[in-house]
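# Topology and contacts: notes
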Amino acid sequence: MASISALFSSLTLGSVTMRNRVAMSALTRNRAWGTIPNDIMVEYYGQRADGGVGHITTEGILISRQGTEWPSAPGIWNREQVAAWRKVVDTVHAKGATIYAQLWHVGRVAHPEAPEQKLAGTPVYGPSAIAARGGKFRHIPGSPGYVTPTALEDPWTIVADYKQAAINAKEAGFDGVELHGANGYLVNQFLDSSANKRTDQWGGSIENRARFGLEVLKVLVEVFGGNVSLKVNPAGGYNDVGMPLQEALDTYKYFLTEADKLGLSYITLVRYSEKLDVEYDGKKRATVHDILESYRSLIKNAKVFLNTGVSPAEGAALIEAGKIDGIVIGFDWITHPDLMKRVEHGKPLDNVPDIKNLYWREGIQPSIGYTDYPTAKY
């Protein structure tokens, strides 16, 4: 087993340097009331920066108003949001960490009855008029299910929305942006042949299905240069995406090879997670395969991060072996604001998760299950 010290060397990401090899994953927490970041979020991100994280990827930030299953997900399409994110960024920087904004469009898994979708006054869009199975919304009674989306007439309009979101993120002071290309959201929907049945330049062949994600990456690079990253989950499953194994391999090998030519700072490979897999008609949805083994060799320019179930010990061993450059930890950062300090000092990750209050809901203090996890005694 490699020494855990491999986690504590610095790493250059584009034009910035993270102080260690451990990043915090994007983690939706549902506390941006009215889509605007607030002081409790400043405290939350600041705690994790103070706890030694090298790099933070924010929770998914909506590039436009959308009716997601998360009624209090943050956005970055107006001036008030930009100013509010600036407070988060400044706090994280003051505590020594770097931070990217994760740019997010949920596509077909929004709902027309969600308040934010009604305010948007636009249909629920997807690559094609194909509904995802499932669909539970915290702010809509019962289990309404996902609707059949309106096929996007001109995907370039959404590409433009991504570019404006990146411009806004730069104004807010973010070190870079991450394109959320995983978990069955819009970029993933275009890539996946089960969600994309278009017959124009945006669908059909692998090259056409990859076009949307690649064009979005190109406009993000126009804004942020080499400070752009990509997150992918080739196994699929969540939000009813996933292709037969050979098609998944062929699709993601092409997409990642082309994305790696764009001068990205890093690419996060998300491993298969049984917890995130879903079952339809008695059958698991994801295409289980070894994500790191299947795709790592294709990425020759960007740094490579591994996400999902990666312990500090495993991550250190993989870094020492030259298989990855860094690791992304998710849930343990929720429950341990001082995670990297604990790792450094050999302290256990023993805080008990407050599952009931993982996501904010009416009637609870926003700090509960959010900023009230204790740090260890040093």
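Located above this text is the structure these notes cover.
Let us look at the structure shown here. (Residues numbered from 1 in each chain as written. Predicted model: local features only at pLDDT ≥ 70, side-chain atom pairs only at ≥ 80, totals over all residues. Heavy atoms only, no water.)

Attention now moves to the sheet that holds strand β3 (residues 22-24). Ordered in space as β3-β4-β5-β8-β9-β10-β13-β14, the eight strands form a closed barrel in which the pairing is parallel. Here the average twist between neighbouring strands, direction ignored, is 25 degrees. With three bridges joining them, β3 and strand β14 (residues 326-329) adopt parallel strand pairing. Among the inter-strand pairings, Val22 is bridged to a residue of β14, identified as Ile327. Sheet strands in contact with helix α1 (residues 39-50) are β3 and β4 (55-62), and its direction is about 155 degrees off that of β4. Across the sheet, helix α4 (residues 156-171) lies against β5 (98-104) and β8 (176-180), angled at about 155 degrees from β5, the strand it touches most. (Pairing = 2+ DSSP bridges. Helix = DSSP H or I, 4+ residues; strand = E, 2+ residues; numbered from the N terminus. Axes fitted to C-alpha atoms, helices over the stretch in contact; angles between N-to-C directions. Contact = heavy atoms within 4.5 Å.)

What follows covers empty space enclosed by the protein. In this structure the tally under the stated criterion is three cavities of 30 Å³ or more. Roughly 70 Å³ of volume is contained in the largest cavity. Split into classes, the residues belonging to the lining of the largest cavity amount to five nonpolar, five polar and two charged. (1 Å grid on protein atoms, 1.4 Å probe; cavity = no way out; pocket = protein on both sides within 12 Å on 5 of 7 lines; lining within 4 Å. Points joined across faces, edges and corners; volume = space filled by probe spheres on them. Nonpolar A, V, L, I, M, F, W, Y, C, P; charged D, E, K, R; others polar.)

Here the focus is helix α6 (residues 206-224). Counted at 1.5 Å a residue, the expected span for α6 with its 19 residues is 27 Å, and the 27 Å between its end C-alpha atoms agrees. Maximal helix bending in α6 amounts to about 35 degrees, located at Phe212. Immediately downstream of α6, the backbone of Gly225 shows phi near 60 degrees, a positive value. (Expected span 1.5 Å × (residues − 1). Bend = angle between axes of the 7 residues up to and from the residue.)

With that settled, the discussion passes to the nonpolar core. In this structure, Leu103, Tyr162, Phe174, Phe212, Leu230 and Leu269 are the most contacted members of the largest nonpolar core, which totals 87 residues. In terms of residues, this core owes the most to one element, α6, which gives nine residues. (Core = buried A, V, L, I, M, F, W, Y, C linked by side-chain atoms within 4.5 Å. Buried < 20%, exposed > 50% of the residue type's maximum accessible area, 1.4 Å probe, protein only.)

Time to look at the pattern of salt bridges. Under the counting rule described, the total for this entry stands at 15 salt bridges. Between Glu116 and Arg65 there is a salt bridge, with its nearest N and O atoms 2.5 Å apart. In this pair, Glu116 is assigned in helix α3 (residues 115-120) and Arg65 in the loop between β4 and α2 (79-94), connecting sequence segments 51 residues apart. Take Arg65: its relative accessible area is 29%, and that puts it in the partly exposed class. Between Arg342 and Asp338 there is a salt bridge, with the nearest N and O atoms lying 2.8 Å from each other. Within this structure, Arg133, Asp240, Asp281 and Arg285 form a network of salt bridges that share partners. (Salt bridge = Lys/Arg side-chain N within 4 Å of Asp/Glu carboxyl O.)

Right, let's get into the side chain of Thr35. Within the secondary structure layout, Thr35 lies in the loop between β3 and α1. Side chain to side chain, Thr35 and Gln81 meet in a polar contact 2.9 Å long. Setting aside anything within four residues of it in sequence, one finds Thr35 in contact with Ala73, Pro74, Gly75, Trp77, Gln81 and Glu116. (Polar contact = N/O pair within 3.5 Å; in protein donor to acceptor, adjacent residues only side chain to side chain.)

Let's shift gears to unusual backbone geometry. The backbone of Thr35 shows a phi angle near 70 degrees, a positive value even though the residue is not glycine. A positive phi angle is found at Asn183, which is not glycine, with a value near 60 degrees. In this fold, Asn183 is placed in the loop between β8 and α5 (186-191).

On to the environment of Phe190, then. Considering the arrangement of structural elements, one finds Phe190 in helix α5. Phe190 sits 13 residues away from Gly203 along the chain, and the two C-alpha atoms are 7.4 Å apart. Once you skip the residues sitting within four places of it in the chain, Phe190 turns out to touch Pro127, Leu152, Pro155, Asn196, Arg198, Trp202, Arg209 and Phe212.

A separate point is the environment of Thr257. Note on placement: Thr257 falls in helix α7 (residues 245-259). Sequence spacing of Thr257 and Ser72 is 185 residues, and the spatial spacing of their C-alpha atoms is 35 Å. At 2.6 Å, the side chain of Thr257 forms a polar contact with the backbone oxygen of Lys253.

Turning to the environment of Ala84, a few remarks are in order. Secondary-structure assignment places Ala84 in helix α2. With a relative accessible area of 10%, Ala84 lands in the buried category. A C-alpha to C-alpha distance of 40 Å links Ala84 and Ser294, two positions 210 residues apart in sequence. Apart from residues lying up to four places away in sequence, Ala84 is in contact with Ile36 and Pro37.

Looking now at the layout of surface pockets. Reported here for the largest pocket is a volume of approximately 1,300 Å³. Forming the boundary of the largest pocket are 41 residues, of which Leu27, Asn183, Tyr238, Leu276 and Tyr359 lie nearest the centre. At the level of elements, β5, β14 and α10 (331-335) are the ones that each hand at least two residues to the lining of the largest pocket. Among the residues making up the lining of the largest pocket, the classes are represented as 19 nonpolar, 15 polar and seven charged. In this structure, the second largest pocket spans a volume of roughly 230 Å³. His105, Thr122, Pro123, Tyr125 and Ile158 are the residues nearest the centre of the second largest pocket, which is lined by 19 residues in total. Secondary structure elements with two or more residues in the lining of the second largest pocket: α3 and α4. A class-by-class count of the residues in the lining of the second largest pocket yields eight nonpolar, seven polar and four charged.

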